[in-house]
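Structural features, examined
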Amino acid sequence: MHELQSQHVSVYYGPQRVLEDITLDVSARTVTALIGPSGCGKSTFLRLFNRMNDFIPDCRHEGHVLIHGQDIYAPEVVVEELRKRVGMVFQRPNPFPKSIYDNVTYGLVLQGVRTKAVLDAAVEQALRQAALWDEVKDKLTQSALALSGGQQQRLCIARVLAVEPQILLMDEPASALDPISTAKIEELLYELKKDYTILIVTHNMQQAGRVSDKTAFFNYGRLIEYDDTRILFTQPRHEQTQNYITGRFG
Ligand SMILES: Nc1ncnc2c1ncn2[C@@H]1O[C@H](COP(=O)(O)OP(=O)(O)OP(=O)(O)O)[C@@H](O)[C@H]1O
């Protein structure tokens, strides 16, 4: 069974349709890159999977969005439970103005976990998974805001991982980072896909080529092409894809 499915999904902001009839299946434990020119609807598509678009007034969709075959917009779905299963990392690192430790434990504390040994273990595990443990293990009580941008972004990834989601949505997670931090995030994706299904929006073609198994190319709200990354970047079937990946527009 597919982990994520979008079946004939169209999305509207008020009267404006920004995604049109998107059908796409994503397998478990893969990285899928969403690419396309600015404004083509990548972030809107990403946000369907944790129902973040629910926060936007006048945003509505048609069609079905499924996780493990279940329609996540069905009335019986508890959105808070859904968001625990589907973590999200944003373009700019957004740590809370709290200690490194408190950032990582934030979600668990909200869930009612209070046992220090459990929280300690979760902090170490999440920071190791996010490839940050060695850099911060001696300063867990220091403010997260004192970390570098790249470290802050890995901390935000650790914060998401601590609540043990199954799916990670990443909206240009490396766009605000320097090349070394970007390389660390890319290495991390490679490790994380052993356990998680990852959707990542990126404007960086090389990055999409390096990190993803599948790539979906969007243009003007339509899914133009979706294929193995290797094929999409070397033998695209559509002229629009060819023009985009070779830098002729976007
Ligand atoms: N909150 C909103 N209200 C109204 N229109 C919106 C809203 N958010 C996005 N849009 C519009 O929906 C379309 C798709 O936007 P979206 O942010 O999903 O595109 P994107 O491909 O992620 O763009 P970018 O690469 O620039 O981040 C755009 O035309 C945008 O102006």
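Residues numbered from 1 in each chain as written. Predicted model: local features only at pLDDT ≥ 70, side-chain atom pairs only at ≥ 80, totals over all residues.

In the nomenclature of an unreviewed UniProt entry, the protein is known as Phosphate ABC transporter ATP-binding protein PstB of Hymenobacter segetis.

Moving on to the UniProt feature "domain: ABC transporter" (unreviewed entry) in the protein. Annotation from UniProt places "domain: ABC transporter" (unreviewed entry) at residues 4-245. Taken end to end, residues 4-245 comprises 38% helix and 26% strand; its first and last C-alpha atoms sit 25 Å apart. (UniProt positions renumbered as here; feature names shortened; annotations may be inferred. Helix = DSSP H or I, 4+ residues; strand = E, 2+ residues; numbered from the N terminus.)

Before going further, it helps to spend a moment on the sheet that holds strand β1 (residues 4-13). Taken in spatial order, the four strands make up an open sheet running β2-β1-β4-β5, and their pairing is antiparallel. Each edge of the open sheet is held by one strand with a lone partner, namely β2 (16-26) and β5 (70-71). Pairing analysis gives seven bridges linking β1 to β2, with the strands arranged antiparallel. Across the sheet, Y12 pairs through a bridge with R17, a residue of β2. (Pairing = 2+ DSSP bridges.)

Let us look at the sheet that holds strand β3 (residues 31-35). Spatially, the six strands line up as an open sheet ordered β6-β7-β8-β3-β9-β10, and their pairing is mixed. Each of the sheet's edge strands pairs with one partner strand only, and the pair in question is β6 (86-89) and β10 (222-228). Adjacent strand axes in the sheet meet at a mean angle of 15 degrees, parallel and antiparallel pairs treated alike. Across six bridges, strand β9 (residues 214-219) lies against β10 in antiparallel orientation. Across the sheet, the residue bridging to A216 is Y226, located in β10. (Axes fitted to C-alpha atoms, helices over the stretch in contact; angles between N-to-C directions.)

Let us look at the nonpolar core. Counting 64 residues, the largest nonpolar core has L34, A126, A158, L168, L169, I198 and I200 as its most contacted members. With seven residues, helix α6 (residues 149-162) is the single largest residue contributor to this core. Every residue in contact with A126, bar those within four places of it in the chain, is listed here: V104, A158, L161 and A162. (Core = buried A, V, L, I, M, F, W, Y, C linked by C-beta atoms within 7 Å. Buried ≥ 20, exposed ≤ 12 C-beta atoms within 10 Å, placed from the backbone. Contact = placed C-beta atoms within 7 Å.)

Moving on, we come to the site of the ligand. For the ligand, the full set of nearby residues is Y13, V18, G36, S38, G39, C40, G41, K42, S43, T44 and I56. With three residues, the top contributor of residues to the shell around the ligand is helix α1 (residues 42-48). Tallied by class, the residues present in the shell around the ligand amount to four nonpolar, six polar and one charged. (Near = placed C-beta within 6 Å. Nonpolar A, V, L, I, M, F, W, Y, C, P; charged D, E, K, R; others polar.)

Once that is clear, we can look at the pairing of β6. Burial along β6 is two-sided: V86 and M88 facing one way and G87 and V89 facing the other are all buried. Both β6 and strand β7 (residues 167-171) contribute to a ladder of four bridges, which runs parallel. If you follow M88 over to β7, its bridge partner there is L169.

With that settled, the discussion passes to the packing of α6 against helix α7 (residues 179-192). In contact at an axis separation of 9 Å, α6 and α7 are set at 20 degrees when each is read in the N-to-C sense. With respect to each other, α6 and α7 are oriented roughly parallel. Here α6 runs over α7; the crossing is right-handed. Contact residues: α6 offers G149, G150, Q153, R154 and I157, while α7 offers I180, S181, K184, I185 and L188. The residue inventory of the contact of α6 with α7, partitioned by class, reads four nonpolar, four polar and two charged. (Parallel < 35°, antiparallel > 145°, perpendicular 65-115°, else oblique. Left-handed = near helix turned anticlockwise from the far one by under 90°.)

All right, on to the packing of helix α3 (residues 100-110) against helix α4 (residues 116-129) then. One way to put it is that α3 packs onto α4 with a least axis distance of 9 Å and a crossing angle of 110 degrees. By the angle class used here, α3 and α4 are roughly perpendicular. Across the interface between the two elements, Y101, V104, T105 and L108 from α3 touch L119, A122, V123, A126 and L127 from α4. Per-class residue counts for the contact of α3 with α4 are eight nonpolar, one polar and no charged.

This paragraph deals with α4. With 14 residues, α4 should cover 20 Å at 1.5 Å per step; its first-to-last C-alpha distance of 20 Å lies within 8% of that length. The complete set of buried residues in α4 reads A122, V123, A126 and L127. Down the axis of α4, the sector holding all buried residues measures 120 degrees, keeping them to one side. Summarising the geometry of α4, the exposed residues directed more than 90 degrees from the buried face are A117, V118 and A121. Tucked into the core, α4 has its buried residues touching α3, α5 (133-136) and α6. The positive-phi residue at the C-terminal boundary of α4 is A131, with phi of around 55 degrees. (Expected span 1.5 Å × (residues − 1). Arc of directions from axis to C-beta.)

A separate point is unusual backbone geometry. For H8, which is not glycine, the phi torsion reads 50 degrees and is therefore positive. Mapping H8 onto the fold places it in strand β1. Judged by the 11 C-beta atoms lying within 10 Å of it, H8 falls in the exposed class. Of note in this structure, D58 is not a glycine but carries a positive phi near 70 degrees. By the element assignment, D58 lies in the loop between α1 and β4 (59-67). Judged by the 9 C-beta atoms lying within 10 Å of it, D58 is exposed.

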